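One letter stands for each residue in the lines below.
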Amino acid sequence: MILAIGWISALKYVPWKDVIEATPGVVKGAKRLFTAVRADTNSQPVADGSPAVTSFDAEGLANLDSRVRHLQAQIAKLNSEQNSSAELIKSLAEQNARVVHAIEIFRVRTKILIYVCFVLGITLSALIFVVVLK
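These numbers come from a predicted model, not from an experiment. (Residues numbered from 1 in each chain as written. Predicted model: local features only at pLDDT ≥ 70, side-chain atom pairs only at ≥ 80, totals over all residues. Heavy atoms only, no water.)

Structural notes on the overall build of the protein chain
- Counting its secondary structure elements, the protein chain contains three helices and zero strands.
- Listing every helix and strand of the protein chain by position from the N terminus yields α-α-α.
- Taking all 134 residues of the protein chain together, 10% fall into the buried category.
- Sequence-distant contacts in the protein chain: of pairs separated by 6 or more residues, those separated by 24 or more amount to 82%.
- Put simply, the protein chain shows about 11000 Å² of open surface, and 70% of that area lies on carbon and sulfur atoms. (Helix = DSSP H or I, 4+ residues; strand = E, 2+ residues; numbered from the N terminus. Buried < 20%, exposed > 50% of the residue type's maximum accessible area, 1.4 Å probe, protein only. Contact = heavy atoms within 4.5 Å. Areas by Shrake-Rupley, 256 points an atom, 1.4 Å probe, with all protein chains shown as cover.)

So, the environment of Glu-87
- Of note, Glu-87 is situated in helix α3 (residues 58-133).
- On a C-alpha basis, the gap between Glu-87 and Val-26 in space is 9.1 Å, while along the polypeptide they are 61 residues apart.

What to know about the pattern of salt bridges
- Per the stated rule, a full pass over the model turns up one salt bridge.
- With its nearest N and O atoms 2.9 Å apart, the salt bridge here joins Arg-69 to Asp-65. With Arg-69 and Asp-65 both in helix α3 and four residues apart, this pair spans about one turn of that helix.
- Look at Arg-69 and you get exposed, because its relative accessible area is 55%. (Salt bridge = Lys/Arg side-chain N within 4 Å of Asp/Glu carboxyl O.)

A few points about α3
- Between its terminal C-alpha atoms α3 stretches 111 Å, which fits the 112 Å expected from 76 residues at 1.5 Å a residue.
- What α3 keeps buried is the set Gly-60, Asn-63, Glu-81, Ser-85, Leu-88, Ser-91, Gln-95, Ala-102 and Phe-106. (Expected span 1.5 Å × (residues − 1).)

A short note on a nonpolar patch on the surface
- On the surface, Val-108, Ile-112, Val-116 and Leu-120 cluster together into a nonpolar patch covering about 340 Å² of accessible area.
- When you line up the elements, Leu-120 lands in helix α3. (Patch = residues over 30% accessible without salt bridge, like charges linked within 9 Å, V, L, I, M, F, W, Y side chains within 5 Å.)

Focus on the environment of Ser-125
- Note that Ser-125 resides in helix α3.
- For Ser-125, a relative accessible area of 46% puts it in the partly exposed group.
- Separated by 2.9 Å, the side chain of Ser-125 and the backbone oxygen of Gly-121 make a polar contact. (Polar contact = N/O pair within 3.5 Å; in protein donor to acceptor, adjacent residues only side chain to side chain.)

Quick notes on the confidence of the model for the protein chain
- Scored by pLDDT, the protein chain comes out at a mean of 77, with 75% of its residues at no less than 70.
- The element-level mean pLDDT for the protein chain is lowest in helix α1 (residues 2-12), coming to 64, with α3 highest at 86. (pLDDT = per-residue confidence, 0-100.)

See the structure below:
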């Protein structure tokens, strides 16, 4: 029970306003990333069943050109997804840093509170002892 009270007190120091404000952006980014990854996994590869280009005739070059363009589009898409992932990870890391900072403040304040309670307990015991001896 005491541990639960400690966690509740720790959660008071979390900058919830900042966390709540950043949450919609993080959720949208995560959904966008998940949808993009899922759509990319479900898409079929470009293999159209044609054999590899072994001659340099016009049809082979056109087929090769279309494959190169498709691969360039895929690379651009992957770069975009990578940038989105990096932004999402950065946002999550910033939120994590804020939570860790708030918990560190709570840890220091708890330590101070324990020392103060210990000193007050000793002082109260000494006062009770003095009053009882008189």
